[in-house]
Amino acid sequence: MEEILKQFPDLSDNQILQFQKLQSLYEDWNAKINVISRKDIDELYTRHVLHSLGIAKIIEFRPGSKIMDVGTGGGFPGIPLAILHPEVDFYLIDVIAKKIKVVNEVAAGLGLKNVKAEQKRAELVKQEFDFIVSRAVTNMPDFVSWVDDKVSKKQNHELANGILYLKGGDLTEELKAFPKATEYNLSDFFTDEFFETKKVVHLPLKYKK
């Protein structure tokens, strides 16, 4: 929590309370439905919450934006980003029903009105979004094939609409087919050794109809 307060000093009292509640909510739900490893639960704020908020070091989503989180698992990066951006709409999807149950319960426990979560495959989603976020659910070529027709035509940010992907390691080979992709090292923002090889990849996607 200390690092979150340091990195995001303008949080409201309500946002601080919501971030503080995450530990007990995830501990409680994880005991019933295992969505986070025991080791990671102890490091929830570094490995899940702060990692998710790495996207917010690259971009501040504008009010009214629409963001889809594909393969959200227990709600990452969607839930922390939704706390940080209360005036942005977040749509969280995963193919595993029990994970979506946890996401919905956590969102309800936090009083988040800007989160909708459903069990769904990305390919079946019909809406359009400013950005599609995710945390390393698959390789980039496959991920792009799932979502490349779901990007809004209207640009609301300086950063071009498209994908914001949290991933680690050497991505040279994986991104070879995407010369417009930009890698941002999270070690430039966060000092914990966990972030040494972690990145946010921004890949602009052209609107397709």
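Thresholds applied
Residues numbered from 1 in each chain as written. Predicted model: local features only at pLDDT ≥ 70, side-chain atom pairs only at ≥ 80, totals over all residues. Heavy atoms only, no water. UniProt positions renumbered as here; feature names shortened; annotations may be inferred. 1 Å grid on protein atoms, 1.4 Å probe; cavity = no way out; pocket = protein on both sides within 12 Å on 5 of 7 lines; lining within 4 Å. Points joined across faces, edges and corners; volume = space filled by probe spheres on them. Nonpolar A, V, L, I, M, F, W, Y, C, P; charged D, E, K, R; others polar. Helix = DSSP H or I, 4+ residues; strand = E, 2+ residues; numbered from the N terminus. Buried < 20%, exposed > 50% of the residue type's maximum accessible area, 1.4 Å probe, protein only. Axes fitted to C-alpha atoms, helices over the stretch in contact; angles between N-to-C directions. Parallel < 35°, antiparallel > 145°, perpendicular 65-115°, else oblique. Left-handed = near helix turned anticlockwise from the far one by under 90°. Contact = heavy atoms within 4.5 Å.

The name an unreviewed UniProt entry gives the protein chain is Ribosomal RNA small subunit methyltransferase G, with Flavobacterium helocola as the organism. Turning to the protein chain, the UniProt record has this under Function (unreviewed entry): "Specifically methylates the N7 position of a guanine in 16S rRNA." Here the protein chain is described in UniProt, under the heading Sequence similarities (unreviewed entry), as follows: "Belongs to the methyltransferase superfamily. RNA methyltransferase RsmG family."

### Some words on the layout of surface pockets
Estimated volume of the largest pocket: approximately 320 Å³. In this structure, the largest pocket is lined by 16 residues; those nearest its centre are Phe8, Asp10, Glu60, Leu84 and His85. Tallied by class, the residues present in the lining of the largest pocket amount to 9 nonpolar, 3 polar and 4 charged. Its boundaries defined by the atoms lining it, the second largest pocket holds a volume of some 220 Å³. The wall of the second largest pocket is formed by 14 residues, among which Val70, Gly71, Val95, Val137 and Trp146 lie closest to the centre. Taken together, the residues that form the lining of the second largest pocket break down as 7 nonpolar, 2 polar and 5 charged.

### Comments concerning the environment of Phe178
Here Phe178 lies in the loop between strand E5 (162-168) and strand E6 (182-185). Its relative accessible area of 16% is what places Phe178 among the buried residues.

### Considering the packing of helix H2 (residues 13-32) against helix H4 (residues 44-53)
It is the contact of H2 with H4, at a shortest axis distance of 11 Å, that shows an interaxial angle of 130°. The angle between H2 and H4 falls in the class oblique. Of the two elements, H2 crosses H4, and the hand of that crossing is right-handed. Residues Phe19, Gln20, Lys21, Leu22, Gln23 and Tyr26 of H2 pack against Leu44, Tyr45, Val49 and Leu53 of H4.

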